[in-house]
Every structure is written in structure tokens, then in C-alpha cells.
Amino acid sequence: MGSPGSGKSTFARRLSQITGIPVVSLDALYWKPGWKPSDATEFETRVAEAVRLPRWIIDGDYIWWAGDIRRSVADAVIWFDLPTRSCMAGLMSRIATSYGRVRPEMAEGCPERINVEFLRYVWTYRREQRPKLLQYLEGLRADQFLICFTDRAEAHRYLASFGRREGAEGVH
């Protein structure tokens with residue numbers, strides 16, 4: 001979870017490669033071709049189906065609709081709490097490298113684009129969305145893990161050490 005541009009999708013793909021656990025992209029479940037949003041009921045149904053899989057890594061926030069479904073069954077939440085400048089840089093890099101193409105974690109028919117409203121969302125994420133996410137995280141159960149990264153280097157180190165542990169012990 002965390003701001004767009006923070007590295008959630010890249011991290012989820014790499015974690016999936018290490019563990020063999022499939023990634024479920026909330027963006028792919030939410031968006032329809034042509035950047036048409038799903039309605040709340042449709043989206044929640046898709047998320048509910050996804051969490052019935054035996055194992056999963058879910059990539060995305062969307063706490064306002066499907067957050068409770070995921071929180072009720074997740075064993076861990078990985079939160080990318082990066083500074084705005086890091087997220088904006090990540091978003092600009094993503095646009096530059098993927099513009100006009102559909103990214104792997106995005107719904108078909110939704111190519112990368114420049115969207116001023118979305119840029120504003122990322123720019124104001126820490127001020128406007130982060131407090132909502134903090135409130136959401138307060139609802140985690142005692143048996144759920146919260147892993148928080150405040151920069152990309154922490155996430156890279158985590159994956160490197162996780163990969164070494166998995167390689168030595170096997171995936172459990």
C-alpha cells in the first residue's frame with residue numbers, strides 16, 4: 001500500500017518472483033478499457049474473488065472500497081510511506097518509460113498517460129490520503145504484520161534478504 005509512484009507494483013512483482021505467490025493488481029480489477037472505473041459493488045466482488053485464492057500478493061491501496069475485505073484476510077500489510085518527492089520522481093519515471101503502453105499491472109485498454117488530476121493526487125497524497133491510510137492501518141489485528149518502508153533502498157534490502165532466506169529455506 002502507499003502512494004502511486006512509490007514502487008508498490010515493482011516490489012510486488014519482485015516479491016512474487018521470489019516466492020512464487022501470484023500478484024493481484026487492484027488497478028487491473030478496478031479499471032476497464034479506456035480508463036473507465038468500475039462501480040463499488042463490481043470492484044468489491046472482484047476483490048472478494050481474488051482474496052479467495054489460497055495465496056496472493058495484492059498490489060494497491062483502494063482502501064475506500066475494498067480495504068476491509070483485504071484487511072480481514074491479509075496476514076501482512078507492506079506500506080510504502082515514501083516522501084512526496086520520491087513518489088513524484090517514481091511517477092515521472094514510470095510515465096517516461098511506459099507512456100502510451102499498458103503496464104503489466106494495469107487493466108487492458110488503459111495505456112500510461114499524463115493526467116493532471118492524477119499528478120495532483122500524488123502531490124497531495126501525504127497530506128490528504130496518508131491520514132486515511134494511517135486510520136486504516138490502526139484496524140489491523142494483533143496477528144497481522146505491518147512492514148513499512150520509508151525509502152526504496154529499504155524495500156530493495158528487504159527483497160534481497162527475503163530472497164536469501166527463501167533460497168536457503170524454500171518457500172513455506
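This text follows the structure it describes.
Throughout what follows, the structure given in this document is the object of discussion. What you are looking at is a predicted structure, and each value in this text was computed from that prediction instead of being measured.

**Let's talk about the nonpolar core**
Grouped burial of nonpolar side chains is what soluble globular proteins tend to show.
Here comes step 1: Counting 19 residues, the largest nonpolar core has Phe11, Leu15, Ile78, Phe80 and Phe149 as the members making the most contacts within it.
Here comes step 2: Taken together, the elements giving at least two residues each to this core come down to helix 1 (8–19), strand 5 (76–80), helix 5 (84–98), helix 6 (116–123) and helix 8 (152–169).
Here comes step 3: Among residues more than four places away in sequence, those in contact with isoleucine 78 are Met1, Phe11, Leu15, Ile147 and Phe149.
Here comes step 4: Ranked by size, the runner-up nonpolar core spans 18 residues in total, among them Leu26, Trp35, Val51 and Cys110.

**Re the pattern of salt bridges**
Should the charged atoms of two oppositely charged side chains come close, the side chains can pair.
Here comes step 1: Taken as a whole and assessed by the stated rule, the structure comprises eleven salt bridges.
Here comes step 2: Here glutamate 105 ties to arginine 13 by a salt bridge, and the two come within 2.8 Å at their closest N and O atoms. One end of the pair, glutamate 105, is in the loop between helix 5 and helix 6; the other, arginine 13, is in helix 1, and 92 residues separate them in sequence.
Here comes step 3: Given the relative accessible area of 34%, arginine 13 is considered partly exposed.
Here comes step 4: Here aspartate 143 and arginine 141 are joined by a salt bridge, their closest N and O atoms 2.9 Å apart.
Here comes step 5: Look at arginine 141 and you get partly exposed, because its relative accessible area is 35%.
Here comes step 6: By sharing partners, the salt bridges in this structure join Arg13, Arg94, Arg103, Glu105 and Glu112 into a single network.

Quick notes on the rules
Residues numbered from 1 in each chain as written. Predicted model: local features only at pLDDT ≥ 70, side-chain atom pairs only at ≥ 80, totals over all residues. Heavy atoms only, no water. Core = buried A, V, L, I, M, F, W, Y, C linked by side-chain atoms within 4.5 Å. Buried < 20%, exposed > 50% of the residue type's maximum accessible area, 1.4 Å probe, protein only. Helix = DSSP H or I, 4+ residues; strand = E, 2+ residues; numbered from the N terminus. Contact = heavy atoms within 4.5 Å. Salt bridge = Lys/Arg side-chain N within 4 Å of Asp/Glu carboxyl O.

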